[in-house]
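Chain by chain, the residues run as shown.
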Amino acid sequence: MGALLLPLADAQVDFGRAGMGTSLGFHIVFASLGMGMPLMMLLAEAAWLRTGDRAWYGLARKWAQAFGVLFAVGAVSGTVLSFQLGLLWPTFMGYAGGIIGLPFSLEGFAFFIEAIFLAIYLFGWERLSPKLHLLTGIPVVIAGSASAFFVVLANRWMNTPSGFRIENGKPVDVDPIAAAFGPGWEATTSHMIIAAFMATAFGIAAVYASGMLRGRRDVYHRKAIALALAVGAILAPIQIAVGDVLGADVAETQPAKLAAFEGRLQTEQGAGLDIGGIPIPGSDQTVLNVEVPNLLSLLAYGDPNATVVGLYSFPPDERPEVFRVRASFLTMAGIGTGLVVLCLWFWLYRRFKGAFPEDDWTLRALVAAGPLTFVAIEAGWFVTEFGRQPWIIYGILRTEDAVTGAPGLGVVFVGFLALYATLAASTIWLLRRLATGAPPPSAKQALP
């Protein structure tokens, strides 16, 4: 309701951003699962083919059914997003469509490849040989990740535009390859894809840990958690390293965003890294701050004495809102650190105790980790999008100049909220129906 009290132009921007942000926030959950679920179901099926243990077969079948539902909902929300780009941001699409059309087109091809092979995979369980069936799932994994890869390439361009030059206010001499694969594309795409795999793994672990808390302490649940945390344990430290590379890229290409997510207001040589350091809105003060000397300069520029530009060195109308960006960054980093600690605890317990940790505290931590991993993904996107403001194309086109002038965006926003609430409720209902029922009879056999 606060947007209704703003001047008309401000309200228009707020409703446009809120509508797009809600759609992205909803869709990214399904996009992440669309990357991660195919990998998990193929790993379970491969374990079944290797060991002959039908508990793995039961997990692969169950996860494939769940993925069919998630894929359908993700297709709907992704279609809504494509319409919103044109409806809410026509100036942006008019300016950028000819530059970033290539990754969006390739994303469409990847989506159709994924849909085709998913249909073969879902209906081929009893019709194909086990090994051939497993092979049909590989394109689903590749195409699902490729879809996200191409979309993130387009978003990367919005943050670090490249592959063209401006003449009389218009983009000319467009090189679509250079535009798609501009500065930092490797770290940006890797960060998102790894985050999706991690979120899916911890989400699965959370579901089966919840089942164990309700008394279903059988091999079926233990195998699901063990596989999920194996994937999480491998990816979590890699994600930290990729995040460090991405932070260095941001330091070079978007110094205002770096200053915002590090809460750095003043320019400083040999800047320290603030652990905590939450800015107080409307103040230059921070709370809960512990500083590690020179570490920010070292991480950002590879030199402990390098100068880090503070937010106050930029014009006031070109500064992102520091509290939102910093709070989102701390949320993402804090959850990521917690996931690493949880994985270490789980596998060290198994290594030295020789048993599966089934105490209620560990299981509760796993249950919490599932949704928190998706919170971390959302927070990461908040850092990206809030940190780019006030630009929709960094340094070139401001957000306020790109939003549609059409009236009624508030009504459209409420309509989209109703749509997503309906989709979310339907998805939860369907997944709960799939989750009911006893595991395969062989699931109660002893661990091999």
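Thresholds, definitions, all that
Throughout this description, residue numbers start from 1 for each chain and increase along the sequence as written. Two thresholds apply to this predicted model, a pLDDT of at least 70 for residue-level local features and 80 or more for giving and counting side-chain atom pairs, whereas whole-chain, interface and lining totals are computed over all residues. The side-chain figures draw on all heavy atoms in the structure; neither hydrogens nor water molecules are used. A run of H or I in DSSP becomes a helix once it reaches four residues, and a run of E becomes a strand once it reaches two; helices and strands are each numbered from the N terminus. Each radius of gyration reported is based on C-alpha atoms, and the globular scaling rule is 2.2 Å times the count of residues to the power 0.38. Each residue's exposure class comes from its accessible area (1.4 Å probe, protein chains only) as a fraction of the maximum for that residue type: buried when under 20%, exposed when over 50%, partly exposed otherwise. Here the Shrake-Rupley method, with its probe set to 1.4 Å, supplies the accessible areas, and only the displayed protein chains count as covering residues. Note that His is not counted, nor are the chain ends; the positive residues are Lys and Arg, and the negative ones are Asp and Glu. Here the site of a charge means atom NZ of a Lys, CZ of an Arg, CG of an Asp or CD of a Glu. In this analysis, two residues are considered to be in contact whenever any of their non-hydrogen atoms come within 4.5 Å of each other. Only buried Ala, Val, Leu, Ile, Met, Phe, Trp, Tyr and Cys residues count toward a nonpolar core, and they belong to the same one when joined by side-chain atoms within 4.5 Å. By definition, pLDDT measures how confident the predictor is in each residue, and it falls between 0 and 100. Within 3.5 Å is the distance limit for a polar contact, defined as a pair of N or O atoms, with the added protein rule that one can donate a hydrogen and the other accept it, and that residues adjacent in sequence qualify only through two side-chain atoms. Inter-axis angles, ranging from 0 to 180 degrees, are taken between N-to-C directions of lines fitted to C-alpha atoms, where helices are fitted over the stretch in contact. The scheme is simple: roughly parallel for angles under 35 degrees, roughly antiparallel for over 145, roughly perpendicular for 65 to 115, oblique for anything else. Two helices that cross are described as forming a left-handed crossing if the nearer one is turned anticlockwise from the farther one by less than a right angle, and a right-handed crossing if clockwise. Amino acid classes used here: Ala, Val, Leu, Ile, Met, Phe, Trp, Tyr, Cys and Pro are nonpolar; Asp, Glu, Lys and Arg are charged; the rest, including Gly, are polar. One less than the residue count of a helix, multiplied by 1.5 Å, gives the span that helix is expected to have.

## A closer look at the overall build of the chain
Then comes step 1: Check the secondary structure of the chain and you find 13 helices and eight strands.
Then comes step 2: Expected size for 448 residues packed as a compact globule is a radius of gyration near 22 Å; at 23 Å, the chain falls within 12% of this value.
Then comes step 3: The principal-axis extents of the C-alpha atoms in the chain amount to approximately 70 × 45 × 40 Å.
Then comes step 4: For the chain, with 448 residues in total, the buried portion stands at 48%.
Then comes step 5: Within the structure as shown, the chain displays about 20700 Å² of accessible surface, and the carbon and sulfur contribution to it stands at 68%.
Then comes step 6: For the chain, the distance from the average site of its 29 positive side-chain charges to the average site of its 31 negative ones is 16 Å.

## Topic: the side chain of E262
Then comes step 1: Relative to the helices and strands, E262 is located in the loop between α8 (255-261) and β3 (268-269).
Then comes step 2: For E262, the residues in contact, after removing those within four places along its chain, are L273, D274, L296, R326 and F329.

## Comments concerning the nonpolar core
Then comes step 1: Counting residues in hydrophobic clusters, the biggest one holds 77 residues, and the most contacted among them are M37, M40, L59, W63, F202, Y208 and I225.
Then comes step 2: The element that contributes the greatest number of residues to this core is helix α6 (residues 185-213), accounting for 15 residues.

## Considerations on the confidence of the model for the chain
Then comes step 1: Put simply, the chain has an average pLDDT of 82, and 93% of its residues get 70 or more.
Then comes step 2: No element of the chain has a lower mean pLDDT than strand β5 (residues 286-292), at 73, and none a higher one than helix α4 (residues 130-159), at 90.
Then comes step 3: Taken as a whole, residues 1-8 scores under 50 in pLDDT and shows six contacts with residues more than four places along the chain or in a different chain.

## What to know about the side chain of E45
Then comes step 1: If you trace the backbone, E45 turns up in helix α1 (residues 8-51).
Then comes step 2: There is a polar contact of 2.7 Å between the side chain of E45 and the side chain of H133.
Then comes step 3: The residues touching E45, leaving out its near neighbours within four places in the chain, are A60, Y121, W125, P130, H133 and L134.

## Description of the packing of α6 against helix α10 (residues 322-353)
Then comes step 1: It is the contact of α6 with α10, at a shortest axis distance of 13 Å, that shows an interaxial angle of 55°. Considering their axes alone, α6 and α10 lie oblique with respect to each other. Considering only the axes of α6 and α10, their crossing is left-handed. Mapping the contact onto sequence places H191, M198 and F202 in α6 and M332, L339, L342 and C343 in α10.
Then comes step 2: Of the residues belonging to the contact of α6 with α10, the class tally is six nonpolar, one polar and no charged.

## A short note on the packing of α6 against helix α7 (residues 219-253)
In a packed pair of helices, the relevant descriptors are the angle between the two axes and the axis-to-axis distance.
Then comes step 1: Here α6 crosses α7 at 155°, and the two axes come no closer than 7 Å. The angle between the axes of α6 and α7 places the two elements in the roughly antiparallel class. As for the relative orientation of α6 and α7, their crossing is left-handed in sense.
Then comes step 2: When the residues that make up the contact of α6 with α7 are grouped by side-chain class, the tally is 24 nonpolar, eight polar and two charged.

## Thoughts on α10
Then comes step 1: The terminal C-alpha atoms of α10 lie 46 Å apart, and with 32 residues this matches the ideal 46 Å at 1.5 Å per residue to within 8%.
Then comes step 2: Here α10 has its buried residues at V322, V325, R326, S328, F329, I335, L339, V340, L342, C343 and F346.
Then comes step 3: The inward-facing, buried residues of α10 abut α6, α7, α8, β4 (273-279) and α11 (360-388).
Then comes step 4: Where α10 starts, the residue carrying a side-chain oxygen 3.2 Å from the main-chain nitrogen of F323 turns out to be E321.

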